[in-house]
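The residues making up each chain are set out below.
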Amino acid sequence: MSIFYFIAFLSILFAVLVITAKNPVHSVLYLILTFFTITIHYILLNAQFLAIVNFIVYMGAIMVLFLFVLMLLNLNVESEPVKSNIVKFAGVIGGCCLLATLFGTLKLAATSSPVVLQDQGLGLVKNLGKVLFKEFLLPFEISSILLLSAMVGAVLLAKRERQPDGKVF
C-alpha cells in the first residue's frame, strides 16, 4: 500500500507541475512523467494491457507529437496574448468546481468499502487476446484494414509529386 500512495503522490505532483510550468516544453515533459506514474498504477491494479497501451500510445506517440509541435511553434512569452478578466474568472469558476468535485469524492470514498476483484486474471493480456481473437475477430480485422487504408492515404497525401517545371502540386 505504501508504494501506491507514493506513486499517487508523484502523479499529483507531476500533474500540478504540468499546470504550473512556465515553459511549455517542461510542461510536456511533466505530462510524460504523469503518464508514466499512471502506467505504474495500471501495473499495480493488474491491468497489464492498459499499462502497455498507456505507455506506448500516450507516452510514446502522443507526447512526442506534442513535444515536436511545441518545438516547431517556437512559443515566446512576448508573443502570448494577454488574457482578459473573463478568461481568468472562468478559470477560477472551473477550479472551484474541481475542488467541490474532489471534496465530494473524498467524502464518498471515506464511507465506501474497497472493491475486491472476483476474477484475478481480469486485466491480463492473455485473456484479452483470447476474447479479441475468438469473439471479436471480424471487428478487429475490419479496424485493422481501416487503419491500414488511413496509413496509405496519409502517405499518399504527404508525398508531393513535382511537375517537370519544378513546381509542387
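All values derive from a computational prediction rather than experimental measurement. (Residues numbered from 1 in each chain as written. Predicted model: local features only at pLDDT ≥ 70, side-chain atom pairs only at ≥ 80, totals over all residues. Heavy atoms only, no water.)

Chemist: Help me understand the overall build of the protein chain in this model?
Modeler: Scanning the protein chain from terminus to terminus reveals six helices and zero strands. Starting at the N terminus and walking to the C terminus, you meet the elements of the protein chain as α-α-α-α-α-α. When each of the 169 residues of the protein chain is scored for burial, the buried share is 13%. Within the protein chain, contacts between residues separated by at least 24 positions form 49% of all contacts whose residues are at least 6 apart in sequence. Carbon and sulfur atoms make up 75% of the accessible area of the protein chain, which totals about 13900 Å². (Helix = DSSP H or I, 4+ residues; strand = E, 2+ residues; numbered from the N terminus. Buried < 20%, exposed > 50% of the residue type's maximum accessible area, 1.4 Å probe, protein only. Contact = heavy atoms within 4.5 Å. Areas by Shrake-Rupley, 256 points an atom, 1.4 Å probe, with all protein chains shown as cover.)

Chemist: What exactly am I supposed to notice about the nonpolar core here?
Modeler: A general trend in soluble globular proteins is that nonpolar side chains are found buried together. Residues Val28, Ile32, Phe35, Met59, Met63, Leu67 and Leu70 constitute the largest nonpolar core, which totals seven residues. Residue assignment for this core shows that the elements contributing at least two residues are α2 (24–44) and α3 (48–73). If one sorts the elements of this core by residue count, α3 sits on top with four residues. When neighbours within four sequence positions are excluded, isoleucine 32 is seen to be in contact with Met59 and Met63. (Core = buried A, V, L, I, M, F, W, Y, C linked by side-chain atoms within 4.5 Å.)

Chemist: What should I look at first to understand the packing of helix α1 (residues 2–20) against α2 in this one?
Modeler: Between α1 and α2, whose axes approach to 8 Å, the crossing angle comes to 155°. Viewed along their axes, α1 and α2 adopt a mutual orientation that is roughly antiparallel. At the point where α1 passes α2, the crossing takes the left-handed sense. Where α1 approaches α2, its residues Ile3, Phe4, Ile7, Ala8, Leu10, Ser11, Phe14, Ala15, Leu17 and Val18 are matched on the opposing element by Ser27, Tyr30, Leu31, Leu33, Thr34, Thr37, Ile38, Ile40, His41 and Leu44. A breakdown of the residues in the contact of α1 with α2 according to their chemical character gives 15 nonpolar, five polar and no charged. (Axes fitted to C-alpha atoms, helices over the stretch in contact; angles between N-to-C directions. Parallel < 35°, antiparallel > 145°, perpendicular 65-115°, else oblique. Left-handed = near helix turned anticlockwise from the far one by under 90°. Nonpolar A, V, L, I, M, F, W, Y, C, P; charged D, E, K, R; others polar.)

Chemist: What is the right way to read the side chain of serine 11 from this model?
Modeler: With respect to the helices and strands, serine 11 occurs in helix α1. Of note is the side chain of serine 11, whose polar atom sits 2.8 Å from the side chain of threonine 37. In this structure, serine 11 is in contact with Thr34, Thr37, Ile38 and His41, ignoring residues within four places of it in sequence. (Polar contact = N/O pair within 3.5 Å; in protein donor to acceptor, adjacent residues only side chain to side chain.)

Chemist: What's the story with a nonpolar patch on the surface in this structure? I'm lost.
Modeler: A contiguous nonpolar surface patch, about 910 Å² in accessible area, is contributed by Phe36, Phe49, Leu50, Ile52, Val53, Phe55, Ile56, Val57, Tyr58, Val125 and Leu128. Those elements that provide at least two residues to the nonpolar patch are α3 and α5 (125–134). Top element by residues in the nonpolar patch is α3. It accounts for eight residues. Take leucine 128: it is sitting in helix α5. Since its relative accessible area comes to 33%, leucine 128 is described here as partly exposed. (Patch = residues over 30% accessible without salt bridge, like charges linked within 9 Å, V, L, I, M, F, W, Y side chains within 5 Å. Salt bridge = Lys/Arg side-chain N within 4 Å of Asp/Glu carboxyl O.)

Chemist: Can you walk me through α2 in this structure?
Modeler: An α-helical turn contains 3.6 residues, so a residue and the one three or four places further along point in the same direction. Between its first and last C-alpha, α2 extends 30 Å over 21 residues, near the 30 Å set by a 1.5 Å rise per residue. Restricting attention to buried positions, one finds in α2 the residues Ser27, Val28, Ile32, Thr34, Phe35, Thr37, Thr39 and His41. Asparagine 46 occupies a position one or two residues after α2 and carries a positive phi of about 65°. (Expected span 1.5 Å × (residues − 1).)

Chemist: It is not clear to me how the UniProt feature "transmembrane region" (unreviewed entry) in the protein chain should be interpreted in this structure. Could you clarify?
Modeler: Feature annotation in UniProt places "transmembrane region" (unreviewed entry) on residues 6–21, 28–45, 51–73, 85–106 and 136–158, given in this structure's numbering. Helix makes up 94% of residues 28–45 and strand 0%, and the two end C-alpha atoms of the span are 26 Å apart. Across residues 85–106, the secondary structure splits into 100% helix and 0% strand, with the terminal C-alpha atoms separated by 31 Å. (UniProt positions renumbered as here; feature names shortened; annotations may be inferred.)

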